[in-house]
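# Examining the three-dimensional arrangement
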Amino acid sequence: LAPLRSLLFVMAASALTPQILALFQPGPPLEYIPPPALKTSPTLTGFGQYTSNFENPKDVDFSQFKNIEPKLDKKIRIAKERRSKNEAHVQEEEKQWDPNANSNATGDAYKTLFVARISFDTTERKLRREFEEYGPIKRVRMIYDKKSGNPRGYAFIEYESERDMREAYKRGDGRKIDGRRVLVDVERGRTVRNWRPRRLGGGLGQTRAGPDIVAQMEAAAAAAAAPPPTSTAPSSSGPSAFPPPPSSYPPPSSSYRGDYHSSSSSSSSSRYPPSSSSSSYQDRDRDRDRDDRRRYDDRRDDRRDDRRDDRHDERRDDRRDDRDRDRDRDRDDRSHERSHDRDRERERSPAGGHGSYHH
């Protein structure tokens, strides 16, 4: 069979073009490359022969190492210098800051609403359309970065009446615009005495302030410099050897939350809510409660949207079914009327309905 196969291949190959026959030609032989040489690792020797070059501890003057600053003390010093420099810059900026001299500010501060946490995709037109339901708006001013031109995420809305501004302040907080929950507040720069913006160390809340790094490092340095505690063997008959809990722990957060509610209820008669005089614990609890309420509102809105979509789909299906049923009924009625008309015409015409006429 092998000679027959070769003969058939030669006969078939004779009818092929040279380009196709070139595909069946064997390739050139592979180039021989010798295997790489193995690398020899250097021999490891000891360093006993170099011990004579070491410095003798008895000849070292340790007084030169007394003035070396420890690493933790250096960090504390750099942090303090940075803090003092920042405080000097803030004091200089605070002297030049005057909210009443701002030419870009809105007209009436008591009719102006502050809106924060705005999406960067939100425009002034969209913001005006969302807040116009509380009353007619006189001006909307979005804040942009001076260098890049990108929005900063907050704006000022001036209403034509103070009543509309108060309505927007009560009902507009937590409103979802372009997928984000906005935060509304009154303008405090020109309405609250001794008010400072966030960049000058003021503002509401302490969530972005962060921990006191200098105090933490000083406490760590003091703990490292303190002598180790002496271990005492516990007695089987006496009290426990563990030390009692310190009495300097802060009270639980519930008391702070109660103080916040009591303080807010006592100051409810004021024109605006309290400023930045509340403690960090109160602001933290307020932000946590607000986040919980927003998460609950988001879940409730999602469930309401799902139910509304389901009802809309059901009504749409019902309308489609009713429309199809009415169309079928109309078509059947028209067909029945046409057949009835044909039967009546056939009965009226002579010669069995053929309609033959003689001239």
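Model, not experiment: these values are computed from the prediction. (Residues numbered from 1 in each chain as written. Predicted model: local features only at pLDDT ≥ 70, side-chain atom pairs only at ≥ 80, totals over all residues. Heavy atoms only, no water.)

## Some words on the sheet that holds strand β1 (residues 112-116)
Quick reminder of the rule: We call two strands paired when DSSP finds no fewer than two bridges between them. Where helices and strands are cited, they refer to DSSP runs of H or I of at least four residues and of E of at least two residues respectively, numbered from the N terminus. Under this scheme, a helix contributes an axis fitted over its contacting stretch, all axes are lines through C-alpha atoms, and angles between N-to-C directions fall in the 0 to 180 degree range. The contact definition used throughout considers only heavy atoms, calling two residues in contact when any of these lie within 4.5 Å.
If you trace the four strands from one edge of the open sheet to the other, you get β2-β3-β1-β6, paired in antiparallel fashion. Here the strands that pair on one side only, and so sit at the sheet edges, are β2 (137-144) and β6 (183-186). Strand after strand, the sheet turns through a mean of 25° between neighbouring axes, direction not considered. Sheet strands in contact with helix α4 (residues 124-131) are β1, β2, β3 (151-159) and β6, and its direction is about 135° off that of β2.

## Details of the pattern of salt bridges
Definition in use: Take a side-chain nitrogen of Lys or Arg and a carboxyl oxygen of Asp or Glu: if they are within 4 Å of each other, that pair is a salt bridge. The cut-offs for exposure are 20% and 50% of the maximum accessible area for each residue type, with area from a 1.4 Å probe on protein chains only; residues under the lower value are buried, those over the upper are exposed, and the others partly exposed.
A full pass over the atoms with the stated rule returns 25 salt bridges. A salt bridge links R320 to D317, with the nearest nitrogen and oxygen atoms 3.0 Å apart. Linking R320 with D317, this pair stays in helix α8 (residues 280-348), spanning three residues, or about one helical turn. Note on D317: relative accessible area 33%, which makes it partly exposed. Here D341 ties to R344 by a salt bridge, and the two come within 2.4 Å at their closest N and O atoms. With D341 and R344 both in helix α8 and three residues apart, the pair spans about one turn of that helix. For R344, a relative accessible area of 37% gives the class partly exposed.

## Structural notes on a negative patch on the surface
Convention followed: The patch calculation keeps residues exceeding 30% relative accessible area without a salt bridge and links them within 9 Å when they carry like charges or within 5 Å when they are nonpolar (Val, Leu, Ile, Met, Phe, Trp, Tyr). Using a 1.4 Å probe, accessible areas were evaluated by the Shrake-Rupley method; residue-level cover was limited to the displayed protein chains. Charge convention: Lys and Arg are scored as positive, Asp and Glu as negative, and His as well as the terminal groups of each chain are ignored. Where a charge sits is defined by one atom per residue type, namely NZ (Lys), CZ (Arg), CG (Asp) or CD (Glu).
Judged by side-chain charge, D302, D306, D309, D310, E314, D318 and D321 come together as a negatively charged surface patch. For D318, the location among the structural elements is in helix α8.

## As for a positive patch on the surface
Together, R299, R303, R307, R311, R315, R319 and R323 make up a region of like positive charge exposed at the surface. Within the secondary structure layout, R303 lies in helix α8.

## Points about the pairing of β3
Sheet topology places β1 next to β3; four bridges connect them, and they run antiparallel. Within β3, the position partnered with V115 by the bridge is A155. Pairing of β2 with β3, which is carried by six bridges, proceeds in the antiparallel orientation. Bridge pairing in β3 links R141 to F156.

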